[in-house]
Amino acid sequence: MIWIIMPVYNTEKYLEEAIESILGQTIFYQDDIRLLLLDDASRDGSLAICKKYEKQYPDKIRVIHFENNRGVSRVRNYGLSLCAKEPGAVVGFVDSDDRLAPDVLEKVRDYFRAHPSLCIASTEIHYFEAAQGENKMNWRFREREVVDISKDYMYPQYYIGGVFFQKRALKMLHFDEDMAFWEDAMAINRLILQEGKYGLVKGAVYWYRKRQDESSLVDRAWHDKKRYAAFLEDGYLKLMNDCRKKKLRVIPYIQFVVAYHLRLFMLPGNEETVNEMVSQEELAGFRKKIKKILKKIRVSVIIRVPTTLPVLEAMLSIRSGRKVRARRTYTEDDCIFSFRGYELTRMSQRKVRLVASPDSPDSEGMWRGRFDTPIYQMTEEDSIFAVRGKERVDAIRRPCRKKIYVLGDKMRNYRYAGFALEVPKQWDRAVFGIHTNGIDILLNEVIFEEEAARIKEKRRENESNDESE
C-alpha cells in the first residue's frame, strides 16, 4: 500500500491540480493507493474541495479536518502516525500546491522492490509556473542509484516533497514541531544519518510550484526574522550536534549539508533581503555565529560547495578571520583559480555579456557590455577584445558600477569591467576574450543578431514593467 500525505492550508487555487496528479497515477486503480488530505483549518474553499474528492473516491481518499491551525509539522506527524500503523506501507509527501508526474508511484514501487533494504527514496524535482527547469541537485540522479553518505558526502537531500519512506523509517521519521522552516531538511537528514543510505529514483519527477506571488512558505521564510541568527542555532548547529551524538563527530556529509545551504545567505540574489532583515548593528553578531558554524566544517568540504568564487572566498574568510582569496596560476592561454591545490574554475570558462547593441539608445553605434564574471576583478591594465578569424578589435573602457558584497564585505568591484567596441559590419559573430597579465584568454562566442534580439526584448520588458508600475 502506498500512502500520500498531503497537508492542506488555504490552497484552493492549486489543490485540485495536486489531487488530480495523484488520481492520474498509472497504478492508481490497480494498486493499493491512498491519499490522506489533512486540512489544517483552511479559511478558503480548500476543505470543500477535499470533501468533494472524498465523496467521489471514498475507498481511496480520506479527509481529516483540524478546527485549529496546527502547523505543517504537526499535521505531517499526525499523518505519519496513521500511516505507520499499516503493515508494509510506503508513505510519500506531496504539498497541496505541487504535483506528481503520472508515473512517479509506479517508479517508486518498482524501485523499492529492486532495493528492499532501503527505507528512503527521493524523486527528481522540476519547477513550474514562475520558474522553469530542474532543481540544481538533480545531477545526483545521473550519477547514483543509491547514495552511501559515508562515501558520497556531496549528495545532500533537503526537501521532503517527493521523498518516500517504508519499513522502520516510518517509525523514526519525525518533524520538529517547534521549527518554522527547514523542519523537512532536519527531519530527513536525521533519518539519513540513522540509515546511512538513501535511494534516488531516476526519471520520477516531483513538480514543485514556484508561485508567481512568492507566497509559499519557503518564499515567506526569507522575510521572517527567525530565519537568520536564531536559525543558525536551531537549524544548522542542532543538526551538527545531533550528528556528533550519533557518530561522535560531525561527518563530512552533514558538514556539506550545512555548508551548501549556508551559502544561500551569501548569494548576490539574496543580498537585498538579507540586508533588510539583518541590521548593521546585528551584522557583526550574525557573522560571528556563521564563523562558529564554519569552524566545524573542513576547508576541504567548503571548497567543494558548488557556488560562485566570491561566496567560497567569503566563507573561507569568515572561517579564518582574515581575507582569503583563491590562488591564480597563469598558463599560456588561461588563468586557473585554485585553493590548496583544488581547482575551483578557469578564466576561459567565463564570458562577456553584451548589454547594448549599436542601435540601442545612448550606445553611440557601438556594442557595449561587461566582463560578466564573479571570479575576477579586472584591473586598469586589463582589456577586452573580439576576434573573427585573423581580425581583431580591441575594446575601449566604459564605466561599470557593479559591485559584489557578501554580508557587508566587498568581495568584487567591477569598475574596470565595462567596455564598448565597434565591430566590422560584415561580422555576424565573434569570439570575445580578455587580455590580462600579458596573455590573451579566449572566452565565449557571440552571434550578434541573436544578441541584438535578446537586448531588444529585454528593453521591451523593462519598459513594460515601468509602465505597469
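Residues numbered from 1 in each chain as written. Predicted model: local features only at pLDDT ≥ 70, side-chain atom pairs only at ≥ 80, totals over all residues. Heavy atoms only, no water.

Caption draft 1: Representation of the nonpolar core in the model. Ranked by size, the top nonpolar core spans 123 residues in total, and within it Phe 165, Trp 182, Ile 254, Phe 371 and Phe 432 carry the most contacts. In terms of residue count, helix 10 (residues 252-262) provides more of this core than any other element does, eight residues in total. Apart from residues lying up to four places away in sequence, Trp 182 is in contact with Tyr 158, Phe 231, Gly 235, Tyr 236, Leu 239, Val 257 and His 261. Counting 39 residues, the second-largest nonpolar core is a separate cluster that includes Met 6, Ala 121, Val 201 and Val 205. (Core = buried A, V, L, I, M, F, W, Y, C linked by side-chain atoms within 4.5 Å. Buried < 20%, exposed > 50% of the residue type's maximum accessible area, 1.4 Å probe, protein only. Helix = DSSP H or I, 4+ residues; strand = E, 2+ residues; numbered from the N terminus. Contact = heavy atoms within 4.5 Å.)

Caption draft 2: Representation of the pattern of salt bridges in the model. Under the criterion given, the structure shown has 27 salt bridges. Salt-bridge contacts for Glu 282 lead to Lys 225; the nearest nitrogen and oxygen are separated by 2.7 Å. You can see Glu 282 sitting in helix 12 (residues 280-294) and its partner Lys 225 sitting in the loop between helix 8 (217-221) and helix 9 (229-247), a full 57 residues away along the chain. Looking at Glu 282, the relative accessible area reads 35%, which means it is partly exposed. With relative accessibility at 42%, the residue Lys 225 sits in the partly exposed group. In this structure, Glu 233 and Lys 292 form a salt bridge, with 3.7 Å as the shortest nitrogen-oxygen distance. A residue pair is termed long-range when its members are at least 10 positions apart, and Glu 233 in helix 9 and Lys 292 in helix 12 qualify at 59 residues. (Salt bridge = Lys/Arg side-chain N within 4 Å of Asp/Glu carboxyl O.)

Caption draft 3: Highlighting the sheet that holds strand 23 (residues 439-447). With antiparallel pairing, the four strands of this open sheet are ordered in space as 17-16-22-23. Two strands lie at the open edges of the sheet, namely strand 17 (391-394) and strand 23, each paired on one side alone. Taking each pair of neighbouring strands and ignoring which way they run, the sheet shows an average axis angle of 30°. Across seven bridges, strand 22 (residues 429-436) lies against strand 23 in antiparallel orientation. In the strand pairing of strand 23, His 435 is matched with Asp 440. (Pairing = 2+ DSSP bridges. Axes fitted to C-alpha atoms, helices over the stretch in contact; angles between N-to-C directions.)

Caption draft 4: View of the pairing of strand 6 (residues 120-129). With nine of ten residues buried, strand 6 is to be regarded as a mostly interior element. Pairing between strand 6 and strand 9 (residues 163-166): three bridges, direction antiparallel. In the sheet register, Ser 122 faces strand 9, and the bridge partner there is Val 163. Summarising the sheet, strand 6 and strand 10 (residues 197-210) pair through nine bridges and their orientation is parallel. Bridging from a neighbouring strand, His 126 pairs with Trp 207 of strand 10. When strand 6 meets strand 7 (residues 133-134), the two strands line up antiparallel, connected through two bridges. Bridging from a neighbouring strand, Tyr 127 pairs with Gly 133 of strand 7. Between strand 6 and strand 7, which follow one another and run antiparallel, lie three residues.

Caption draft 5: Structural detail: the packing of helix 7 (residues 183-195) against helix 9. Contact geometry for helix 7 and helix 9: axes closest at 11 Å, N-to-C directions at 15°. With respect to helix 9, the element helix 7 is oriented roughly parallel. For the pair helix 7 and helix 9, the sense of crossing is right-handed. On helix 9, the residues that touch Met 186, Asn 189, Arg 190, Leu 193 and Gln 194 of helix 7 are Asp 234, Gly 235, Lys 238, Leu 239, Asp 242, Cys 243, Lys 246 and Lys 247. (Parallel < 35°, antiparallel > 145°, perpendicular 65-115°, else oblique. Left-handed = near helix turned anticlockwise from the far one by under 90°.)

Caption draft 6: Broad picture of the sheet that holds strand 13 (residues 342-346). One open sheet accounts for three strands, arranged 11-12-13; its pairing is antiparallel. Either end of the sheet is taken by a strand with one partner, and the two such strands are strand 11 (327-330) and strand 13. Each strand axis lies, on average, 35° off the axis of its neighbour in the sheet, ignoring direction. One ladder, built from four bridges, connects strand 11 with strand 12 (residues 335-339); its direction is antiparallel. When the sheet's bridge partners are listed, Tyr 330 is paired in strand 12 with Cys 335.

Any functional reading would require information beyond the geometric quantities listed.
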